[in-house]
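The chain contents come next:
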Amino acid sequence: MSAAERKESDLPLDESAESAAAENIARALALLNAGELVAIPTETVYGLAADARNPAAVAKIFAAKGRPRQHPLIVHLADAAQLDDWASEVPPAARALAQAFWPGPLTMILKRAAGVSDVLTGGASTVGLRVPAHPLTLRLLHAMRAAGGSGALAAPSANRFGRISPTSAAHVRAELGDAVPLVLDGGACAVGIESTIVDLSRGEPRLLRPGQISAASIAAVCGRPLLCHEQQDSAADSDVPRASGTLAAHYAPQTPMRLVTSADLAILAATAANETKRCGIISHSLAAPPASQHLWLRLPADAAGYAHDFYAALRQLDAAPVDRIIVEALPDDEAWRAVADRLQRALTGAGESCE
Ligand code: TXA
Ligand code: MG
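Scoring rules and cut-offs
- Residues numbered from 1 in each chain as written.
- Chains lettered and ligands numbered in written order.
- Predicted model: local features only at pLDDT ≥ 70, side-chain atom pairs only at ≥ 80, totals over all residues.
- Heavy atoms only, no water.
- Helix = DSSP H or I, 4+ residues; strand = E, 2+ residues; numbered from the N terminus.
- Buried < 20%, exposed > 50% of the residue type's maximum accessible area, 1.4 Å probe, protein only.
- Areas by Shrake-Rupley, 256 points an atom, 1.4 Å probe, with all protein chains shown as cover.
- Expected span 1.5 Å × (residues − 1).
- Contact = heavy atoms within 4.5 Å.
- pLDDT = per-residue confidence, 0-100.
- Pairing = 2+ DSSP bridges.
- Axes fitted to C-alpha atoms, helices over the stretch in contact; angles between N-to-C directions.
- Core = buried A, V, L, I, M, F, W, Y, C linked by side-chain atoms within 4.5 Å.
- Salt bridge = Lys/Arg side-chain N within 4 Å of Asp/Glu carboxyl O.
- Phe/Tyr/Trp six-rings, centres within 6.5 Å; stacked < 30°, edge-to-face > 60°.
- Lys NZ or Arg CZ within 6 Å of the ring centre and 35° of its normal.

1. Regarding the overall build of the protein chain
Within the protein chain one finds 11 helices and 14 strands. Buried positions account for 54% of the 355 residues belonging to the protein chain. When the accessible surface of the protein chain is totalled, it reaches about 14400 Å², and 54% of it is carbon and sulfur.

What follows is the structure, given as structure tokens:
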């Protein structure tokens, strides 16, 4: 099934669902106007949002997530017409990328406009911008603007810092509980992993975080190849963007995790009955063997399907009584780059205590 077909939230709403949605949007607007936080659905993962023009409200996001203050937030816009309100320089490549991919899972880092709060950018001279492709959140953004407000929501993923990003409203509640007064329920996220981030603030476009929109398709629109994160001029450059999604340990469960080859997983499946430890297993090629004592999750064998289910699977196994999580190695293929990136960071951070 393609990601587009999976967008449950795009289905026409019946009348009662429509009035519930309208009521929730009105509640969300009132909370945002009062400087409170609202969790929002996006096509990638759920976000924890505040009015991007209200620094006191934005500061609450950092407190609720336990996120270091110098880690900048993405600003979600209603449409590309707002680019110039937030960025002081919008190169032609940025306009072309917005035209090609917005609304959609692409975040662009641009030089920030005057008046963009330090709270939001962590003091950086740049700002991250994207137009999310979720009908409920787009509706909220447009409603904010229609009411004379900013029409802009600052929102990181709605998880505690370093932990697994939420891909359903229930995940957000489990993650943040009462720290968020309202979770707008927009169903399961269609993409399931965070947006691609491309830095256009320093000349050559650079890929900071891989995502569903590939480096190749961004390069095709820009008309030149992308530099990757590792090719940055100097780590000591204070203007080098800081991206928590680029930390080695991130998106991580509390249960220890291990990566195994498909061949080793097959051996483990054959000998499962003799094991004393109970493992949670994420496989994309092998079905659960009969009478396995392990908790075996089989994810789709295509990258988009796997990305859709990956965080939910990690979360499920992290909550289950298993000693460790074992993940089957992913195909070594460009299509798997973004999920492989998230898996690697989860492996690095797994088993560490919450910051
Ligand atoms: O798909 C997504 O991008 C989701 C949804 C909610 O939109 N958001 C998300 O936010 O993943 P967060 O905060 O979990 O990750 C955003 C990443 C962080 O690594 C942050 O450091 C980076 O974007 N970022 C934001 N502004 C930046 C800037 N000015 N320069 C460099 N990196 C920036
Ligand atoms: Mg995050």
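2. Observations concerning helix α11 (residues 337-349)
Compared with an ideal rise of 1.5 Å per residue, which puts 13 residues at 18 Å, α11 spans 19 Å between its outermost C-alpha atoms and is within 8% of the ideal. Restricting attention to buried positions, one finds in α11 the residues A338, V339, D341, R342, L343, R345, A346, L347 and G349. Those residues of α11 that are buried lie in contact with β9 (206-209), β11 (257-260), α10 (303-319) and β14 (324-328). Following α11 by one or two positions, G351 has its phi on the positive side, about 85 degrees.

3. Here's the deal with the confidence of the model for the protein chain
The pLDDT averaged across the protein chain works out to 90; a share of 88% of its residues lies at or above 70. A low-confidence stretch, residues 1-8 (pLDDT under 50), is modelled with 10 contacts involving residues beyond four sequence positions or located in other chains. Note that residues 231-241 has pLDDT below 50 and, in this model, 16 contacts with residues that lie over four places away or in other chains.

4. A closer look at the pairing of strand β2 (residues 47-51)
Most of β2 sits inside the fold, with five of its five residues counted as buried. As judged from the three bridges shared by strand β1 (residues 38-40) and β2, these two strands associate in the antiparallel manner. Opposite A39, over in β2, you have L48 as the bridge partner. Remark: six residues form the turn of the hairpin made by β1 and β2, two consecutive strands paired antiparallel. Of the strand pairs in this sheet, β2 and strand β6 (residues 152-154) are connected by two bridges, and their pairing is antiparallel. Within β6, the residue paired with A50 across the bridge is A154.

5. A word on the sheet that holds strand β10 (residues 227-228)
Sheets are built from strands that pair by backbone hydrogen bonding, the pairs being arranged parallel or antiparallel. Judged by pairing direction, the sheet is mixed, and its 10 strands sit side by side in the order β7-β1-β2-β6-β3-β5-β4-β8-β9-β10 without closing on themselves. Each edge of the open sheet is held by one strand with a lone partner, namely β7 (182-183) and β10.

6. Some words on the sheet that holds β11
Spatially, β11-β14-β12-β13 is the arrangement adopted by the four strands of the open sheet, whose pairing is parallel. Because the sheet does not close on itself, it has two edges, and the strands there are β11 and β13 (295-298). Across this sheet, the average inter-strand angle for adjacent strands is 20 degrees, counted without regard to direction. Direction of pairing for β11 relative to β14: parallel, over a ladder of four bridges. Bridge assignment links M257 to a residue of β14, and that residue is I325. Here helix α9 (residues 262-271) sits on the sheet and contacts β11, β12 (279-283), β13 and β14; the angle it forms with β14, its principal contact strand, is near 130 degrees. Its contacts with the sheet place α11 against β11 and β14, and it is angled at close to 135 degrees to β11.

7. Observations concerning the nonpolar core
Considering soluble globular proteins, one finds that nonpolar side chains tend to be buried as a cluster. Judged by nonpolar contacts, the single largest core of 70 residues is most densely connected at M108 and L129. Element by element, the count of residues in this core is highest for helix α1 (residues 15-33), at six residues. If you look at the next biggest cluster of nonpolar residues, it comprises 29 residues, including L299, V327, W336 and L347.

8. Structural notes on the pattern of salt bridges
One pass over the structure, following the stated rule, counts 14 salt bridges. E89 is the salt-bridge partner of K111, the closest N and O atoms lying 3.9 Å from each other. Remark: E89 occurs in the loop between α3 (83-86) and α4 (92-101) and K111 occurs in strand β4 (residues 106-111); sequence separation between them is 22 residues. The class of K111 is partly exposed, set by a relative accessible area of 34%. Here R112 and D118 are joined by a salt bridge, their closest N and O atoms 2.8 Å apart. Salt bridges linked by common partners bring E194, D341, R342 and R345 together as one network.

9. A look at the packing of aromatic side chains
Following the criterion strictly, the structure yields three aromatic pairs and no others. A centroid spacing of 5.8 Å and a plane angle of 40 degrees characterise the contact between F310 and Y311, whose relative ring orientation is tilted. For the pair F310 and Y311, a shared accessibility class is recorded, and that class is buried. The rings of Y306, F310, Y311 and W336 are connected pair by pair, giving a single aromatic cluster. Sitting over the ring of W86, R53 keeps its end group 3.8 Å from the ring centre.

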